[in-house]
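Overview (structure and organization)
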Amino acid sequence: MATLTESRKKALRRELEGIVGKAAVLSDPDELLVYESDGLTLFRALADFVVFPTSAEQVSAIVKLADREGIPFVARGAGTGLSGGCLPSEGGLVISLMRMNRVLEVDYDNQVAVVEPGLVNLHLSWAVGPRGYYYAPDPSSQQACTLGGNIANNSGGPHTLKYGVTTNHVLGLEVVLPDGELVWLGGKTRDPQGYDLVGLFVGSEGTFGIATKIVVRILKKPQAVKTVLAIFDEIDRASEAVSAIIARGLVPAALEMIDQVTIQAVEDAFGCGYPRDAAAALLIELDGLAVGMEAQVERVIAACRECGAREVRLAKDEAERQLLWKGRKSAFGAYGRISPAYMVMDGVIPRTRLPYVLRRVNEIVATHNLRVGNVFHAGDGNLHPNILYDPRRPGEEERVVQAGAEILKVCAEVGGSISGEHGIGLEKMDYMPFIFSPADLTTMHRVKEAFNPRGLCNPGKIFPTRKSCVEVGPAYRPHAIEEKGLAQRF
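These notes cover the structure that comes with them. All of these numbers come straight from a predicted model, not from anything done at the bench. (Residues numbered from 1 in each chain as written. Predicted model: local features only at pLDDT ≥ 70, side-chain atom pairs only at ≥ 80, totals over all residues. Heavy atoms only, no water.)

For the pair helix 8 (residues 235-247) and helix 13 (residues 354-367), the least separation of the axes is 9 Å and the interaxial angle reads 145 degrees. The way helix 8 lies across helix 13 gives a crossing that is right-handed. The residues of helix 13 that touch helix 8, namely those facing Ile-235, Asp-236, Ser-239 and Val-242, are Leu-354, Pro-355, Leu-358 and Arg-359. Taken together, the residues that form the contact of helix 8 with helix 13 break down as 5 nonpolar, 1 polar and 2 charged. (Axes fitted to C-alpha atoms, helices over the stretch in contact; angles between N-to-C directions. Helix = DSSP H or I, 4+ residues; strand = E, 2+ residues; numbered from the N terminus. Left-handed = near helix turned anticlockwise from the far one by under 90°. Contact = heavy atoms within 4.5 Å. Nonpolar A, V, L, I, M, F, W, Y, C, P; charged D, E, K, R; others polar.)

Our next topic: the sheet that holds strand 9 (residues 182-186). As a general point, the strands of a sheet are linked pairwise by backbone hydrogen bonds and lie either parallel or antiparallel. Read across the sheet, 5 strands follow the order 5-6-10-8-9 without closing on themselves; strand pairing throughout is antiparallel. The sheet is open, and its two edges are formed by strand 5 (103-107) and strand 9, each paired on a single side. Neighbour-to-neighbour, the strand axes of this sheet turn through a mean angle of 15 degrees, independent of strand direction. As paired elements, strand 8 (residues 170-176) and strand 9 share 5 bridges and run antiparallel to each other. The residue of strand 9 that forms the bridge with Gly-172 is Gly-186. Most of the contacts of helix 4 (residues 121-128) go to strand 5, to which it runs at about 45 degrees, and overall it touches strand 5, strand 6 (112-115) and strand 10 (210-217). (Pairing = 2+ DSSP bridges.)

The subject of this paragraph is helix 15 (residues 438-451). Here helix 15 contains 14 residues, and its C-alpha end-to-end distance of 21 Å stays within 8% of the 20 Å for a straight helix at 1.5 Å per residue. Burial in helix 15 covers these residues: Asp-440, Leu-441, Lys-448 and Phe-451. One side of helix 15 carries all its buried residues, which in axial view fall inside an arc of 90 degrees. Relative to its buried face, helix 15 has exposed residues pointing more than 90 degrees away, namely Pro-438, Arg-446 and Ala-450. (Expected span 1.5 Å × (residues − 1). Buried < 20%, exposed > 50% of the residue type's maximum accessible area, 1.4 Å probe, protein only. Arc of directions from axis to C-beta.)

The subject of this paragraph is the pattern of salt bridges. Under the defined criterion, the tally for this structure stands at 31 salt bridges. Note that Lys-213 is salt-bridged to Glu-174, the shortest N-O span being 3.2 Å. One end of the pair, Lys-213, is in strand 10; the other, Glu-174, is in strand 8, and 39 residues separate them in sequence. The exposure class of Glu-174 is buried, given its relative accessible area of 7%. Taken together, the shared-partner salt bridges connect Arg-8, Glu-15, Arg-68 and Glu-69 into one network. (Salt bridge = Lys/Arg side-chain N within 4 Å of Asp/Glu carboxyl O.)

A few words on the packing of aromatic side chains. Scanning the model with the defined rule gives 8 aromatic pairs in all. Look at Phe-332 and Tyr-335: their rings are 6.5 Å apart centre to centre, the planes differ by 25 degrees, and that puts the pair in the stacked class. Phe-332 gets classed as buried once you look at its relative accessible area, which sits at 15%. An aromatic cluster is built from Phe-332, Tyr-335 and Tyr-342, whose rings are joined through pairwise contacts. Here the basic side chain of Arg-131 rests over the ring of Tyr-108, its NZ or CZ set 4.0 Å away from the ring centre. Here the basic side chain of Lys-329 rests over the ring of Trp-325, its NZ or CZ set 5.9 Å away from the ring centre. (Phe/Tyr/Trp six-rings, centres within 6.5 Å; stacked < 30°, edge-to-face > 60°. Lys NZ or Arg CZ within 6 Å of the ring centre and 35° of its normal.)

One non-glycine residue, Asn-458, lies in positive phi territory at about 50 degrees. Tracing the backbone shows Asn-458 in the loop between helix 15 and helix 16 (466-472). Non-glycine residue Ile-462 carries a positive phi angle of around 75 degrees. Examined against the element boundaries, Ile-462 turns out to sit in the loop between helix 15 and helix 16. Residue classification places Ile-462 among the buried positions, given a relative accessible area of 10%.

Geometric values such as these leave the question of function open.
Below, the structure is given as structure tokens:
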């Protein structure tokens, strides 16, 4: 977008103030700096305006103004994203949804809640908790991240292994389309007729429009919850235990791995009771009916011991369980104790390849003379290598980006993906050819254009640049049915 002239800026500000009020428009450069990045601080971009609507009608009016003026816009929640997905990469408007944060309706009989996009994830569980319910998707940032951001990135969390990701819990959406039209996708019932447009919208990273109301499922709290901590002296043995647990026919609610670098950071910060000398720890949670729970716990403990765990212990009470989870969910923040900055990767692999891929991650990072801490959703193979670095050292950020690319390439090579829950955003768009063919990308682009034909809604995200396509080259591999001549792409 061409730079706005001062006179045009003043005119736009007057119109925006007419929609949301004078106190809900920012354009001072010092104020805009607060919104120049998300949780991935490697990328920064300044908007021309940040606006704070309080209703779907205001969002619609803002988007209609942007459409009329040809100004790019992007929705933003709490800014906890880790891929640069909510950055105004071409300037224009940032539409902050943080003042649209209400629980509008709860139908306990049908286990449905209607919320606004700026509601903090954990606050929904707090709202319905006294009646014995909760909202299942629980990103590690759930104390701060918003439901709108979870919709954009199809967020998961530690309990994804059993309960799935955001799209498995969203029934309907009120959406402002990129031309400002207000529409509903889905509703309050499951399995509506027609195309699954809710499923299409969730995970579209804000490129199809802006969700202004969200209908989600809420779940009854389980009768029983048991949390097991298993300690290993070798990370390979901990990786083997992950598959061993699943192979016994168990589906834990969560199965998380924490490596030694992360344990030391967590213990420095919070003192949660993880042994500092452990090479890796598995945090395993089982939930469900009380009947049979003890037997499941015994099978988990046996699997860990058979894989060489030196210590396996059951959280003795809710206080100890919460402390163990505090260590896991606050791990990213704890890295601040041992490094000035870090970049979180988000690859996915078959969990049987954990030993190999974790070795490769450590080799790659060491080659670039960097350090890495691993804390991730081992049960569903969603890795989060955290590359530690100091941005004040010349050339270090470039080495971090290169190491990140190499890690994601390994994930793709073993049959995985370049993102599990953080989205593509700015960070990974140049790596899309690792897993998608040119035909795949063309088709996805056509879908985006059906929603967003002018490209004003969150531009510059997801799709690779022409330069990177040439440098990286497509890593497309034909599917087995294509190799057998049973199918052909386009």
